Amino acid sequence: MTIATWLSVALVLAGAFFFFAGTMGMLRFPDVYTRLHAVTKADNLGLGLIVAGLMLQAESWPAMLKLALIWLLALLASATACYLVGNSSLRSGLPPVQGRYSVRRNPCRQ
Amino acid sequence: MSQVTLYTLTGVILFFMGLRAFLLYAHLVRKILAFNVMGSGIFLLLVGIASRVPGAAPDPVPHALVLTGIVVSVSFTAFGLVLLRRIYAKTGKAHITTEMEDTDAQ
Amino acid sequence: MSTIAWLFDGLLVAALLYLAWSLLSEQDLFKAVVLFIAFGLLMALSWTRLQAPDIALAEAVISAGLSGVLLLDAVGYVQGEKRPASTQSEAVKARRIEPVRTGLNLLALLFCAALIWAVLDLPPLDSGLSSIVQAQMGSAGVTSQITAVLLNFRGYDTLLEVAVLVLAAIGCLTLREADQSAAAAHLREPGMQVLDGMIQLVIPVMLLVSGYLLWAGEHAPGGAFQTGAMLGAAGFLLLLGNRMHFQQIPGWLLRISASLGLSIFLLVAGGIAISGRSLLEYPVSNAGKLIVLLETAISISIGSILIILFAANPPSASSPTIDQATPSEDTTEIGSK
């Protein structure tokens, strides 16, 4: 295996780790705001890392650019969706969970 | 058994899951959801059968059928939902009731 | 490597079955529709595993995107439904229905087992269609097999299918509620500038991608159906973000663009029939040009038909689905602790 292949593997694995972390956050955080925070940030970074890993394996420049375009579009869509969900939750009167939060109170961990 | 068979069998199970839900649930949105699951099952079955020869390229004819089928299923869904809205606007109900149920409710 | 592939396929299939089961048995309709959207995305992933990128493209746009939006709006519309309280007659009815339910379950299981047996019993033989398609590719006018099947070899099917779409659009336009003035005000809420900005950035890219898909359909995954779905999705976004108002689109434009595909298809078929060939038997030298013409017309038609289907199922003004469902879901989870 060449260096590029090893680098791809490392990048994709790192990306998968961030996806995993984001999903854990979505399952275990207490309210919609923290869940959005976990999912949007971690998944955007995870996708970016995976796309970077795949770009190293791309056969041509156009294929690389298409991969980059996928990441940019996903960034745009997830940022907007995150903002819209957060904004409408706040305006509909859903209060963010305040103060210290212990994992033991989390309903998802029973 | 190959991986393709796995998807084909999933298609069969999805179809019957959908069929069962379609027959059992009275709520019309559920019926439309169930119909879509049934459709997905049929599509998986068709495409799975299309590539059952190991190593060969998949048969393009079922692929084309499924492609048109997906577009038809969205138009079906939309038409069903328009009918649902009309029923709801007229009767205030979004689930199917039989004559018997109506007299029971009175 | 094969073990990893098996593992991946196994996980994907298990997730599909689990999602289907939970979306069908979920009590909350809003959650059921969200699960359905996730199900559609996993279906798109399955198509790529089955070497069907054409279907994956259409599935990702349509099942996960367009159907999801339509269903969410419908759930919002019927949210206020008053279910009759559980009375004694309900209990009696439930008892009466129980044997029917058991019988149906048994019957479904029986048929399911029979079909599984039939699938496992299928000989790994070619149906013969694949080789016929390959033999005829020289006269198809395009190099993508699926496009050739759709618009040349099985042109009849596609012609009728486009007719079905036009019928669905006519049905929706006829049955939709006339007064939709309230629906337009729904999304004019503070903070929509972000959505406006995204729409401005994304719409040109979507148009570019649909043009690319139309061009790519000649030799690669893509073609009229994916292009039409992409155009429809762009229309959905414009309507949802209030950048385009359905009432302001002139009726004649809508009618012409929705029926363009069917009309041109019929003209081509009729023209070929008059010139002494059988219906839709393209002259080999012009097959490529005719297919491009048909694909363009069908794409525009599918795009505008999808916009009509969306406009017939507008977001409900009274109950903004996302606003109510998201908090209620979270409060119940926290409260239930």
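Residues numbered from 1 in each chain as written. Chains lettered and ligands numbered in written order. Predicted model: local features only at pLDDT ≥ 70, side-chain atom pairs only at ≥ 80, totals over all residues.

Undergrad: Which parts of the structure should I look at to understand the overall build of chain A?
TA: Counting secondary structure elements, chain A contains three helices and zero strands. In chain A, the succession of helices and strands from N to C terminus is α-α-α. Its C-alpha atoms give chain A a radius of gyration of 17 Å, clearly above 13 Å, the size a compact globule of 110 residues would have. Across its three principal axes, chain A shows a C-alpha extent of roughly 50 × 30 × 20 Å. In chain A, which comprises 110 residues, the proportion classed as buried is 15%. Summarising the internal contacts of chain A: among those between residues at least 6 apart in sequence, 65% fall at separations of at least 24. (Helix = DSSP H or I, 4+ residues; strand = E, 2+ residues; numbered from the N terminus. Rg over C-alpha atoms; globule rule 2.2 N^0.38 Å. Buried ≥ 20, exposed ≤ 12 C-beta atoms within 10 Å, placed from the backbone. Contact = placed C-beta atoms within 7 Å.)

Undergrad: Help me out: how do you make sense of the overall build of chain B in this one?
TA: A count of helical and extended segments in chain B gives four helices and zero strands. The secondary structure elements of chain B, listed N-terminal to C-terminal, are α-α-α-α. Relative to its length of 106 residues, chain B is extended, with a C-alpha radius of gyration of 18 Å against a globular reference of 13 Å. Overall, chain B is about 65 × 25 × 15 Å in size when its C-alpha atoms are taken along their principal axes. In chain B, buried positions account for 58% of the 106 residues.

Undergrad: Help me understand unusual backbone geometry, please; the structure alone is not making it clear to me.
TA: Glycine aside, the phi torsion of most residues is negative, and most peptide linkages are trans. Residue and element names in this part refer to chain C. Positioned with a positive phi, Q51 is a non-glycine residue whose angle comes to about 55 degrees. Accessibility expressed as a C-beta count within 10 Å gives 16 for Q51, which makes it partly exposed. At N242, a residue that is not glycine, the phi angle is positive and equals roughly 60 degrees. Inspection of the secondary structure puts N242 in the loop between α10 (224–240) and α11 (251–274). For N242, a count of 16 C-beta atoms within 10 Å translates into the label partly exposed.

Undergrad: Where do I start with the interface of chain B and chain C in this structure?
TA: Accessible area lost when the parts come together is the quantity often used to give the size of an interface. Every contact between the two is made by 62 residues of chain B and, on the other side, 75 residues of chain C. With 23 residues, helix α3 (residues 60–91) of chain B is the largest single contributor of residues to the side of chain B that touches chain C. Of the residues contributing to the side of chain B that touches chain C, the split by class is 43 nonpolar, 12 polar and seven charged. (Nonpolar A, V, L, I, M, F, W, Y, C, P; charged D, E, K, R; others polar.)

Undergrad: What's the story with helix α12 (residues 287–312) of chain C in this structure? I'm lost.
TA: Residue pairs spaced three or four apart in an α-helix point in one direction, given the helix's 3.6 residues per turn. The end-to-end C-alpha distance of α12 of chain C is 37 Å, a good match for the 38 Å that 26 residues give at a rise of 1.5 Å each. For α12 of chain C, the tally of buried residues reaches 20 of 26 residues, placing the bulk of the element in the interior. (Expected span 1.5 Å × (residues − 1).)

Undergrad: What is the right way to look at the nonpolar core in this model?
TA: Here is a general trend for soluble globular proteins: nonpolar side chains tend to be buried in one another's company. Counting 119 residues, the largest nonpolar core has V29 and A78 of chain B together with A58 and L309 of chain C as the members making the most contacts within it. With near-sequence residues (within four places) excluded, V29 of chain B lies in contact with L84 and A94 of chain B together with L29, L71, A74, V75 and V78 of chain C. (Core = buried A, V, L, I, M, F, W, Y, C linked by C-beta atoms within 7 Å.)

Undergrad: Help me understand the packing of helix α3 (residues 53–77) of chain C against α10 of chain C in this model?
TA: Each packed pair of helices is defined by two parameters, the angle between the axes and the distance between the axes. Residues and elements named next belong to chain C. Taken N-terminus to C-terminus, the directions of α3 and α10 make an angle of 30 degrees; their axes are 9 Å apart at the nearest point. As the angle between them shows, α3 and α10 are arranged roughly parallel. Pair α3 / α10 crosses with left-handed handedness. Seen from α3, the contacting residues are L57, A58, V61, I62, G65, L66 and V69; seen from α10, they are F225, Q226, A229, M230, G232, A233 and F236. Here the contact of α3 with α10 is composed, by residue class, of 11 nonpolar, three polar and no charged. (Axes fitted to C-alpha atoms, helices over the stretch in contact; angles between N-to-C directions. Parallel < 35°, antiparallel > 145°, perpendicular 65-115°, else oblique. Left-handed = near helix turned anticlockwise from the far one by under 90°.)

Undergrad: I tried to follow the packing of helix α3 (residues 61–91) of chain A against helix α9 (residues 193–216) of chain C on my own but got confused; where do I start?
TA: Two elements in contact, α3 of chain A and α9 of chain C, have axes separated by 10 Å at closest approach and are oriented at 155 degrees. Here α9 of chain C runs roughly antiparallel to α3 of chain A, going by the angle between their axes. In terms of crossing hand, the pair formed by α3 of chain A and α9 of chain C is left-handed. Mapping the contact onto sequence places L73, L76, T80, Y83 and L84 of chain A in α3 of chain A and V194, L195, M198, L201, V202 and V205 of chain C in α9 of chain C. Looking at side-chain class alone, the contact of α3 of chain A with α9 of chain C contains 10 nonpolar, one polar and no charged residues.

Undergrad: Where do I start with α9 of chain C in this structure?
TA: For α9 of chain C, spanning 24 residues, the distance from its first C-alpha to its last is 34 Å, which sits close to the expected 34 Å at 1.5 Å a residue. Its maximal kink placed at V202 of chain C, α9 of chain C deviates by approximately 30 degrees, while the proline P204 of chain C follows within four residues. For α9 of chain C, the set of buried residues is L195, I199, V209, S210, L213 and L214 of chain C. Against α3 of chain A together with α10 and α12 of chain C lie the buried residues of α9 of chain C. (Bend = angle between axes of the 7 residues up to and from the residue.)

Undergrad: Please explain the confidence of the model for chain B as it appears in this structure.
TA: Low-pLDDT stretches of the model should not have their predicted coordinates read in fine detail. Residues and elements named next belong to chain B. With 91% of its residues at a pLDDT of at least 70, chain B reaches an overall mean of 85. Confidence scores differ between elements of chain B, with helix α4 (residues 99–105) showing the lowest mean pLDDT of 45 and helix α2 (residues 28–50) the highest of 93. Per-residue pLDDT stays below 50 along residues 99–106; that stretch engages in four contacts with residues further than four places along the chain or on separate chains. Our summary of model confidence lists the complex with pTM equal to 0.86 and ipTM equal to 0.90. (pLDDT = per-residue confidence, 0-100.)

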